[in-house]
Structures are given as structure tokens and as C-alpha cells.
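Structural features, examined
Each chain is listed here by its residues.
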Amino acid sequence: MRALLCREWGGLEKLYLGELAPPTPGPGQVVIDVVATAANYADAIMVAGNYQTRPPLPFAPGLETAGTVAACGDGVTHFRAGQRVMALLHHGGMAEQALAEASDVWPVPDAMSFADAAAFPVAYFSSDVALRWQGRLERGETLLVLGAAGGVGLTAVEIGRAMGARVIAGASSAEKLAAARAHGADETINYREADLKARVLELTDGRGADVCFDPIGGDLFDGALSSLGWGGRYVHVGFVGGVPRIPANRLLVKNRAALGSALRHYRWHQRDKLETSVQTLFAWYAEGRLRPLVSHRLPLERGADALRLLTERRAHGRVLVDVAP
Ligand SMILES: NC(=O)c1ccc[n+]([C@@H]2O[C@H](COP(=O)([O-])OP(=O)(O)OC[C@H]3O[C@@H](n4cnc5c(N)ncnc54)[C@H](OP(=O)(O)O)[C@@H]3O)[C@@H](O)[C@H]2O)c1
């Protein structure tokens, strides 16, 4: 089968379109005929060899996918061939067929297109578990989202809004902030131009935000932490800007908490909470409260360019790699 291949760890320029043996499903697994797969920043980290897991070489990147069921392994009785599905993957979504654990596969709701389904799992699931279970975001609270037009960031804006929070979106350009506003942000801050802490305090009459959703870290962390009010919860989702050190004194003085949020924790250890998140997200999607934004669609042979749009900070929402016409 055709696949975007990584055969040595390194930069995205090493990816190439090649041939890979199609997967066969083991017990509890599902093989999916891929229609489209969203690019994730984490794919670039994996290709560089710096992700939490390192697949055996060669492999195809792609941490999620949408398509139809091609075959099911022993013990998988709740999916049938041809059924429309979306899935979280260990890797391999940027190929004509992908292998998934059946527990990480969900039927695509009837009203959802393949494009929306491809854009859905990683970003929406990760943001929901981060805000609902880690951040314990409540109706009426103020949520600060950094990277608010990025893959997970924009979904956090929509989910925060759907949860009844007041959402302050932070991003690096007017165009990105317009996307965040169109997807539910109440206020926006261009953190390239404005002082993040000062602006959040101004927008909250000095009280500060209740929850910060941060997929970036790096230089933004210090101001974002200071912008949290009493009892504020800082939720670390990713570190595209660098891994910050957390000064414990600044947690204590305002009764703040700093929390990591990893989707895989909910996949492996708290399935009931993940299912609650997923079903809530599907219901919100059906009500039109979630609208996946896809800024670019590229064919499989341009998968490396799809990832480059993320590493070069040029995407809004999701970037899709179209595998089947
Ligand atoms: N913990 C989890 O469960 C989970 C799940 C999914 C993703 N993640 C992580 O979340 C992070 C974001 O992933 P994503 O797929 O949403 O990425 P993305 O779509 O590329 O969004 C990242 C955003 O970060 C901002 N950014 C700031 N500095 C950047 C830099 N040096 N390079 C690139 N972007 C930069 C950009 O917004 P501005 O230009 O507006 O600053 C960009 O929109 C990654 O670290 C990923 O591994 C974690």
C-alpha cells in the first residue's frame, strides 16, 4: 500500500511516499481503509525520534484517522466491514490502511463528513479531557487558551465556550485571533504585541483567569501563570515552545495548581471519563456547537508539507492529508 514513510529519525525532509506492507488485524484490532488523516504537531516530534514512543522503522506517521472498516481481528464484534469510523492510532494514519485498537475506534456520526471526522479525535478529545477532568472548568469561569488557533487550541476555545466559560484566546496574529473569535472566543490577546499578564488582568478586572490551557509553554508560560487568579488551574497540554520550569512559590501564593494532561492517560486508565467526553463532544457537534476548522488539505504525497504547515506556524485549526479520493 502507499504510505508516507519515515525510515530514519530526523527532519520532515526525510519523509517520502513509498510502499509498506498493509496491516493485518490481530485480536482486538481493526484495519481501516483511510480516507483522510489530520496532521498533528506530535507527528513531527515522532519523526524526529523525540516522541514518547518510537515505532520500529520504517513507519508512517499519523496519530488518528477517518475511513471505513476494512477488517476486524478476533473478538471485535461491534464493527462491520465498510462502517464509517474515526480512530486514535499509535501511528500510521498517513497510509492507505491503518491499524487501530478496537477500543480506540468510534463510529462516525451520520451527519459528520469524513473531513470533520478526520479533524476530530486527537484535537477535540484531548482538549475536552484537559478542560473537563484536569482543569475542572466550570460554567461562568474564565478560560485562557494559548495557541488558540492551533489544532488543540481552537478546539479548546469551542469546548470552553460550550462548557459555559468566558474564553480569552491568545495567539500570535490578528488572522489567528479572528479564527478564534469566529469559533467562540469572547476576548482576544495578540501575545506577540501585548503583555499577556497585564491584558488578562485588565480583561478580568484584576481577578485573573481560572484556567489556562497551554499547548505551548516556553516564553509564554511565565506571563500566563501570573495571569491566573486565586485557585487557578494551569493545564499543560504540550510544549511546542519549550518545557518551562514551574516555580512552586507562585502556585502556593494564590492556591494555584499546575496539571499535566495527556489523552493517553484517559485511553489507558480512565476509559469511562474518555467516553463521557467523546459522547458529549458528539452531542455538541450534532447541535452545531463544534465546527472543525480545516485550513489546508493536501494529498498523501505532500504529507511532509502538511506537517511543515504546523512546525512553521502557518495553519489555523487542522491540516488534513487526503489519502483516498
Ligand atoms: N497532551 C495531549 O493530550 C495532547 C494532545 C494533542 C496535542 N498535544 C500537544 O499540543 C501541542 C500542539 O499540538 P497541535 O497539533 O495542536 O499543534 P498546532 O496545530 O501546530 O498548534 C500549535 C500552536 O502553537 C503556537 N506556537 C507557539 N510557538 C510555536 C512554535 N515554536 N512552533 C509551532 N507553533 C508554535 C502556534 O500558535 P501561535 O502562532 O498563535 O502562537 C500554533 O498554532 C503539541 O506539543 C502536541 O504534542 C498534546
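The next point concerns the site of the ligand. The environment of the ligand is formed by 25 residues, the closest being Gly151, Ser172, Lys176, Tyr191 and Ser261. Ser172 is positioned such that a nitrogen or oxygen atom in its side chain is 2.6 Å from an oxygen atom of the ligand. Elements supplying a minimum of two residues to the shell around the ligand: α1 (41-47), α3 (121-134), α4 (151-162) and α11 (303-311). By residue class, the composition of the shell around the ligand is 14 nonpolar, 9 polar and 2 charged.

The subject of this paragraph is unusual backbone geometry. Pro58 follows Leu57 through a cis peptide bond whose omega is -10°. Secondary-structure assignment places Pro58 in the loop between α1 and β4 (64-72). Phi is positive for Arg136, close to 50°, though the residue is something other than glycine. Residue placement: Arg136 occurs in the loop between α3 and β8 (142-145). Phi at Asn255 takes a positive value of approximately 55°, unusual for a residue other than glycine. Residue placement: Asn255 occurs in the loop between α8 (248-252) and β13 (257-260).

Right, let's talk about the domain arrangement of the protein chain for a bit. Looking at the assigned domains, one finds that the protein chain contains domain 1 (2-120 + 292-322) and domain 2 (123-265). The gap between the C-alpha centroids of domain 1 and domain 2 is 28 Å. Of the residues lining the interface, 16 residues belong to domain 1; the matching set on domain 2 comes to 17 residues. Buried surface at the junction of domain 1 and domain 2, both sides included, amounts to about 1,400 Å², of which 60% is carbon and sulfur. Looking only at domain 1, the three residues that lose the most surface to domain 2 are Phe120, Arg313 and His316, adding up to 39% of its buried area. Summed over the shared surface of domain 1 and domain 2, the number is 0 salt bridges. Here domain 1 is connected to domain 2 by 3 residue pairs in polar contact (both at pLDDT 80 or more). Looking at side-chain class alone, the side of domain 1 that touches domain 2 contains 10 nonpolar, 4 polar and 2 charged residues.

Right, let's get into the pattern of salt bridges. Under the counting rule described, the total for this entry stands at 18 salt bridges. Of the charged contacts, one joins Glu8 and Lys14 as a salt bridge, the two residues approaching to 3.9 Å between their closest N and O atoms. Its salt-bridge partner being Arg161, residue Asp186 comes within 3.5 Å of it at the nearest N-O pair. Placement of Asp186 in the loop between α5 (174-182) and β10 (187-190) and of Arg161 in helix α4 is noted, with a sequence separation of 25 residues between them. On the basis of relative accessibility, which here comes to 29%, the residue Asp186 falls in the partly exposed class. Residue Arg161 is classed as partly exposed on the basis of its relative accessible area, which comes to 44%. One connected set of salt bridges, linked through shared partners, spans Asp104, Arg267, Arg271 and Glu275.

Each value, and the rule that gives it
- Residues numbered from 1 in each chain as written.
- Predicted model: local features only at pLDDT ≥ 70, side-chain atom pairs only at ≥ 80, totals over all residues.
- Heavy atoms only, no water.
- Near = heavy atom within 4 Å.
- Polar contact = N/O pair within 3.5 Å; in protein donor to acceptor, adjacent residues only side chain to side chain.
- Helix = DSSP H or I, 4+ residues; strand = E, 2+ residues; numbered from the N terminus.
- Nonpolar A, V, L, I, M, F, W, Y, C, P; charged D, E, K, R; others polar.
- Domains from an automatic or database assignment.
- Contact = heavy atoms within 4.5 Å.
- Buried area = accessible area lost by both parts, 1.4 Å probe.
- Salt bridge = Lys/Arg side-chain N within 4 Å of Asp/Glu carboxyl O.
- Buried < 20%, exposed > 50% of the residue type's maximum accessible area, 1.4 Å probe, protein only.

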